[in-house]
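# An overview of the molecular structure
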Amino acid sequence: MPNGKKRGKYGGSYFEEIDWWTKPSNHSFFLELREMMKEILLIKTLYRHNRSLWIFSFPLHLGLYLLIGFGFLLIVGGILILSGLSVIQNSANILSKSVYYLTIAFAVSGSMLGIIGASGLFVRRAFDRELRLFSAWTDYFNLLLLLAISACLLAGWATSDGSLDLLRAYTAALISIGQAPVMPGILQITLGLVSFFFLYFPFTHMSHFIGKYFAFHKVRWDDRASAAGNKIEAGVKEALSKKLNWSGSHVKAGMTWKQATTDFNPKAEDDKR
Amino acid sequence: MPVFEYNGIEIKVDDDGFMEEPEKWNEPVALALASVEGVSALTEKHWKVIKYLREYYLQFGMAPMIRRLCKETGFSLKEIYELFPSGPAKGACKVAGLTKPAGCV
Amino acid sequence: MTKDKMMDKEKIRVSDISGKNGQMVELDPSRFLPLLSPYDTLELEPRISPLTAEQKIKYECDLDGISAIMLPRPKTEREKRTLVDKFLSGLTKLFDKEDNWTFIQPLLLTMEYCAKCQTCSKACPIFTQSGGIEIYRPTYRSEILRKLYKKYIKPGGRAISRMTGEDIDVNWEMIARLAELSYRCTICRRCAQVCPMGVDNGLVTHELRKIFSQEMGINIRQLHELGSSQQLLKGSSTGMTPAAFKDNIEFMENEVKERTGLEFKWPIDKAGADILLYHNAGEFLAWPENPEAFAVILDAAGISYTLSSDLLGYDGVNYGVWYDDIQMARVALKHIEIAKKLGVKKIVIGECGHSHKALAVIADRILTGDFIIPRESSLTLLADIVRSGRLNLDKSRNEDIFVTLHDPCNMVRLMGIVEPQREILRAVAPGFREMTPHGVDNYCCGGGSGFAIIDNANFPDWRHAVAGRMKLRQILDVFRDVISPEHKKYVCAPCSNCKGQFREMFVAYGIFERCNILYGGLAELIVNAMPNLKKPFFDWEWR
């Protein structure tokens, strides 16, 4: 459990307190959330233990977050257009103006960081013997996909959609299920890749953010103890009533866990042998 | 199960040379096992240690505390290593026909 | 690095585990990372003895020429096929949430979310100190299980694994090597601590061992028959019966009287005491000064406690945490039952790391109702006593000893008990200095997960030269400036298992003779600083 200032610094826990079960619980949702944010935004564990990989992983993740933000801003921009406002450089409306500039900022910085991060990681995986030994073709493909999306978006912005109006109009059309504008080739490719990405990523390692949530919150940090009447105890009760199925001779298959452990009589077993 | 042979005596031992059937121990067996320890002759000092170990084992079914062995035979741990180069557990207990000591000892 | 050394490193792939060409790896100590002075050349290092020709024929050793398990080679093809089938049925149960409700959640997370970033490999002392031998890499072992999982457990596995190039050949050779490989990791969990995904490679080792023990009945004699089973039958994994225990107690009471003048009767089976104290029974046999020290401290501090002479009541160990959930549960429940019977307010666990892990952490998920008795670490209790000033300590009594602290993995990294033992050392040892790294980043003694008591074949040689290498390096490093024998040096290791490993490793390297470094627990250092003793509480001699 992420602890406060003193204990958190060296990794201490409530076991350092005398009679810890009589003291108030150290469970702090705020501290958990703060650690979680550090992991998500700064990729903290990698920073501490594998700096040379973090140098590329961090920009990749930051780039992705910015691109997600960019997507969200496109939607906002689309909604603004549909409600009659125009999202342009020198709009009188503060909201429109902000959305205009922010959309470009997020798109450009996101895709640049994405390019740096994805290509850096790809090169590391391809040339570092340790990483190469354990990388499957999907690991390379995923990075190339992210690289392609970032690069195409950046190229599309630079060559054909400097104001991002086209993409915004496209988004507006998606929302209103209306007529989409004609998109230049490079943006068609970008959109195609993004669509593919949404269909594909749930089946890949890229959905690790779900697993990481459980691994950190439910496994690594959850140090709550069982106590009479609480949820953990109830879970234990249920588990102990399960039947044993393992074939090892010392395991009494067929008995429940409770029977095979609490009521186990080693002397009787030994006499049988 | 390996069989250890010495001077016409056959003893069943485990992979570390400890007796599998401690009840078959006797003085010639002790001499045979001592040869593995690199001890060619058993002096009175050796026998003092062996006797103590044997008696304790017959009473309690295991080897005694090392500290106790030292105190009740009057030898320091260093001296025991001199008598039995592999030490009290792996050397002396083996020669005294005990089974191999177990656990975090 | 010469060309063929480089080629060697390139050669080993995960799929090689199934090869039928005999031994995979030939250990070459010249490639282990060098130690420090005076052990900076290979000459002073002990040899890793090869197995005898007889042993090689009889036992499986085709992983690296070391045999931890002494697993007999099957004689017929039919035997091999039966074993393979058993392994696969065990594998299925490992991933069944009914059969493996104990650890399935973190296991599945570990199978699914590894990013193959190798951050864990950099953290693993066995892998790094061996010079980077591929089979000791944490992800090497986990990848094998992962491939098995993807092929046999996940739906459509067989087809998909062939498509993605992640296929694995399951034959007896693979299984035999994997069994040995599961005993090349001490489950110190440094890997789990640094993993950015929350994956746990130490857990993989534990789970693999379960397939072998719980399904196939393959386990190590010192852990099972002469370990947990013996403990359940005779009362202690050491074979010590209640009668022998009580006899030893009497002897130790006299010892204490001689050393300190204190006349006391050890409280045994005192119903209604506040605390039930569990020592590792090995302490009574090999390091009696430690439980004796506890008795002196608790007596001086006026603490109400008791020991127990019931079967298992005087032996807090629980070997099941290393290889078998059922054995673990059996022992833990007996431990709790005894506490319940005595009606104590809490259980305090002595200086034994795995005891802490079993009783304080893992047991939490098998206790219900009035079996939920609070468990506390002796380190916390001792720190509280020291802090209270009841002992009137005089740390100058320890000033001629340079002391360093070994952090036992299961108390420190696993449970987060970091400061109490340091608070104590600062109060009793002026010569206290920290190793680098320390605290939750500590390195394992090399004896964890049962290694310290496995002395089959040539396994101990491997344990000293490879598993304990990093720790030895740390010890030589922290005492670098005072390494010569005229300075007394003490590695404070508040854990019986670690002490066992230090004892064996120090003997193998001749550490005490050459450098005058002794190892020992924490409690005896405290008593050494108590004012009324006429002579030191423990003798500066090899133990």
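Residues numbered from 1 in each chain as written. Chains lettered and ligands numbered in written order. Predicted model: local features only at pLDDT ≥ 70, side-chain atom pairs only at ≥ 80, totals over all residues. Heavy atoms only, no water.

## Section: the sheet that holds strand β3 (residues 346-349) of chain C
All names here are of chain C.
- Taken in spatial order, the four strands line up as β2-β1-β3-β4 in an open sheet, and their pairing is parallel. The two strands at the open ends of the sheet, each matched to only one other strand, are β2 (305-306) and β4 (375-377).
- Pairing between β3 and β4: three bridges, direction parallel. Considered in β4, the bridge of V348 is made with E376.
- Sitting on the sheet, helix α17 (residues 325-342) is in contact with β1 (275-278), β2, β3 and β4, with an inclination near 150° to β1.
- Packed onto the sheet, helix α19 (residues 378-388) meets β1, β3 and β4 and runs at close to 65° relative to β4. (Pairing = 2+ DSSP bridges. Helix = DSSP H or I, 4+ residues; strand = E, 2+ residues; numbered from the N terminus. Contact = heavy atoms within 4.5 Å. Axes fitted to C-alpha atoms, helices over the stretch in contact; angles between N-to-C directions.)

## A word on the domain arrangement of chain C
Residues and elements named next belong to chain C.
- Entries for chain C in the domain assignment read domain 1 (3-31 + 62-215), domain 2 (224-383) and domain 3 (391-528).
- Put simply, the middle of domain 2 and the middle of domain 3, counted by C-alpha atoms, are 22 Å apart.
- On the side of domain 3, 29 residues touch domain 2, which itself brings 28 residues to the contact.
- Here domain 2 packs against domain 3, burying approximately 2,300 Å² in sum over the two surfaces, 73% of which is carbon and sulfur.
- Considering only the surface of domain 2 that becomes buried against domain 3, W287, E351 and L379 emerge as the three largest contributors, covering 29% of it.
- Taken together, domain 2 and domain 3 are joined by one salt bridge.
- For K499, the salt bridge identified is with E283, shortest N-O distance 3.0 Å.
- Here domain 2 and domain 3 share ten residue pairs in polar contact (both at pLDDT 80 or more) between them.
- Elements supplying a minimum of two residues to the side of domain 2 that touches domain 3: α14 (281-286), α15 (289-300), α18 (353-361) and α19. (Domains from an automatic or database assignment. Buried area = accessible area lost by both parts, 1.4 Å probe. Salt bridge = Lys/Arg side-chain N within 4 Å of Asp/Glu carboxyl O. Polar contact = N/O pair within 3.5 Å; in protein donor to acceptor, adjacent residues only side chain to side chain.)

## Some thoughts on the interface of chain C and chain A
- Chain C puts 85 residues into the contact, and the matching count from chain A is 68 residues.
- Carbon and sulfur atoms supply 59% of the area buried between chain C and chain A, which totals about 6,300 Å² over both sides.
- Remark: the boundary between chain C and chain A carries five salt bridges.
- The residue A:D19 makes a salt bridge to C:K346 at a minimum N-O spacing of 2.8 Å.
- Linking chain C with chain A are 28 residue pairs in polar contact (both at pLDDT 80 or more).
- With eight residues, α17(C) is the largest single contributor of residues to the side of chain C that touches chain A.

## Overview of the nonpolar core
Residue and element names in this part refer to chain C.
- One finds F87, I135, Y140, L425, W462 and F502 to be the most contacted residues of the largest nonpolar core, which totals 236 residues.
- In terms of residue count, α17 provides more of this core than any other element does, ten residues in total.
- Sequence-distant contacts of W462, that is, excluding residues within four places in its chain, are made with L27, I48, D64, I66, I126, Y136, Y183, R184, F451 and A467. (Core = buried A, V, L, I, M, F, W, Y, C linked by side-chain atoms within 4.5 Å. Buried < 20%, exposed > 50% of the residue type's maximum accessible area, 1.4 Å probe, protein only.)

## Concerning the packing of helix α4 (residues 51-82) of chain A against helix α8 (residues 165-176) of chain A
Residues and elements named next belong to chain A.
- α8 packs onto α4 with a crossing angle of 70° between their chain directions and a minimal axis gap of 8 Å. In terms of their interaxial angle, α4 and α8 are classed as roughly perpendicular. In contact with F70, L74, I75, G77, G78, I79, I81 and L82 of α4, α8 contributes L167, R168, T171, A172, I175 and S176.
- Considering only residue class, the contact of α4 with α8 consists of nine nonpolar, four polar and one charged. (Parallel < 35°, antiparallel > 145°, perpendicular 65-115°, else oblique. Nonpolar A, V, L, I, M, F, W, Y, C, P; charged D, E, K, R; others polar.)

## Here we look at the pattern of salt bridges
Residues and elements named next belong to chain B.
- Taken as a whole and judged by the stated rule, the model has 64 salt bridges over all chains.
- K100 is paired through a salt bridge with D16; the nearest N and O atoms lie 2.6 Å apart. Within this pair, whereas K100 is found in the segment after α5 (87-95), its partner D16 is found in the loop between β2 (9-12) and α1 (27-36), the two being separated by 84 residues in sequence.
- Note on K100: relative accessible area 18%, which makes it buried.

## Digging into α18(C)
- Burial within α18(C) is extensive, with eight of its nine residues counted as buried.
- Buried within α18(C) we find C:G353, C:H354, C:S355, C:H356, C:K357, C:A358, C:L359 and C:A360.

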